[in-house]
Amino acid sequence: MSQVIPKKGSFMYLGLIIQGNGEIDKDVTYGIGVGWMKWRLASNVLCDKKVPLEFKGGFYRAVVRPTILYGAECWLVKIAHIQKMKVAEIRKLRWICDHTRLDKIQNEDIRARVGVAPMEDKMRDVRLRWFRHVQRRSLDAPVRSCCILISFPQCSNAKIVNWNTESRAPLRIPLINGCIIFDPTASFVSR
């Protein structure tokens, strides 16, 4: 007797949502939702007017933000995903400061009061930390297979990017004819 397993478009594995089409929309939405759950659990501290803003910011950085960014080191992020996460984060930060959008206080000022860096900077830090872990592994480790130098015939003038240039200009490398080639033999210097 055989059991038929239904085909699903997505499933959860180790806290990440794996989608059949390779997108991360549900994963980003889930991370934002989990961040709101942590926010609600900690709201008695984060919304208390007697607690200083610096402490609230540190508490937010230690408790809420890591739950939002869980698994972000392997996300192929689009601008819409970052925008969605920034909107959710700034709503929480405004709530911490007891301000609304009607107060017309800029997002940068809110972040400066609480002492929280922008979401895209933290996502870049998470991804670079993952790259550093990968770089420390030996060249024959399976995780380093993503670093194999591949030559594309259609990319005759492709830019060869090593880990040093990646760490200096993280995640903002221009594409030349749509191709970037990583050089796995390049040395890595951590900052």
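Treat the numbers as computed from the prediction; the structure is a model and nothing was measured.

1. A look at the pairing of strand β1 (residues 10–13)
Examined bridge by bridge, β1 and strand β2 (residues 16–19) share 4 bridges and lie antiparallel to one another. Opposite M12, over in β2, you have I17 as the bridge partner. Turn length for the β1-β2 hairpin, with the two strands adjacent in sequence and antiparallel, is 2 residues, and the turn residue L14 shows positive phi of about 55 degrees.

2. Focus on the pattern of salt bridges
The tally for this structure, following the rule as stated, stands at 7 salt bridges. Between R65 and E89 there is a salt bridge whose closest N-O contact spans 2.4 Å. Placement of R65 in helix α3 (residues 53–68) and of E89 in helix α4 (residues 79–97) is noted, with a sequence separation of 24 residues between them. Look at R65 and you get buried, because its relative accessible area is 4%. For E89, a relative accessible area of 0% puts it in the buried group. Note that R124 is salt-bridged to D121, the shortest N-O span being 2.6 Å.

3. Looking at the layout of surface pockets
By volume, the second largest pocket amounts to about 300 Å³. Along the wall of the second largest pocket there are 15 residues; nearest its centre are K86, I90, R91, R94 and N107. Counting residues per element, the ones that place at least two in the lining of the second largest pocket are α4 and α5 (107–114). When residues of the lining of the second largest pocket are assigned to their parent elements, the largest contribution, 7 residues, is made by α4.

4. A closer look at the packing of aromatic side chains
We describe a pair of aromatic rings using the distance from one ring centre to the other and the angle between the two ring planes. Per the stated rule, a full pass over the model turns up 4 aromatic pairs. Relative to W95, the ring of W39 lies with its centre 5.7 Å away and its plane at 35 degrees, an arrangement referred to as tilted. Highlighted residues: W39 in helix α1 (residues 25–41) and W95 in helix α4, separated in sequence by 56 residues. Three or more aromatic residues joined by ring pairs make a cluster, and in this case those are W36, W39 and W95.

5. A word on a nonpolar patch on the surface
Residues F11, Y13, L14, I18 and Y70 make up a contiguous nonpolar surface patch of roughly 570 Å² in combined accessible area. Looking at where L14 falls in the secondary structure, it is placed in the loop between β1 and β2. Judged by its relative accessible area of 62%, L14 is exposed.

Cut-off values and rules
Residues numbered from 1 in each chain as written. Predicted model: local features only at pLDDT ≥ 70, side-chain atom pairs only at ≥ 80, totals over all residues. Heavy atoms only, no water. Pairing = 2+ DSSP bridges. Helix = DSSP H or I, 4+ residues; strand = E, 2+ residues; numbered from the N terminus. Salt bridge = Lys/Arg side-chain N within 4 Å of Asp/Glu carboxyl O. Buried < 20%, exposed > 50% of the residue type's maximum accessible area, 1.4 Å probe, protein only. 1 Å grid on protein atoms, 1.4 Å probe; cavity = no way out; pocket = protein on both sides within 12 Å on 5 of 7 lines; lining within 4 Å. Points joined across faces, edges and corners; volume = space filled by probe spheres on them. Phe/Tyr/Trp six-rings, centres within 6.5 Å; stacked < 30°, edge-to-face > 60°. Patch = residues over 30% accessible without salt bridge, like charges linked within 9 Å, V, L, I, M, F, W, Y side chains within 5 Å. Areas by Shrake-Rupley, 256 points an atom, 1.4 Å probe, with all protein chains shown as cover.

Function cannot be inferred from these measures alone, as they are strictly geometric.
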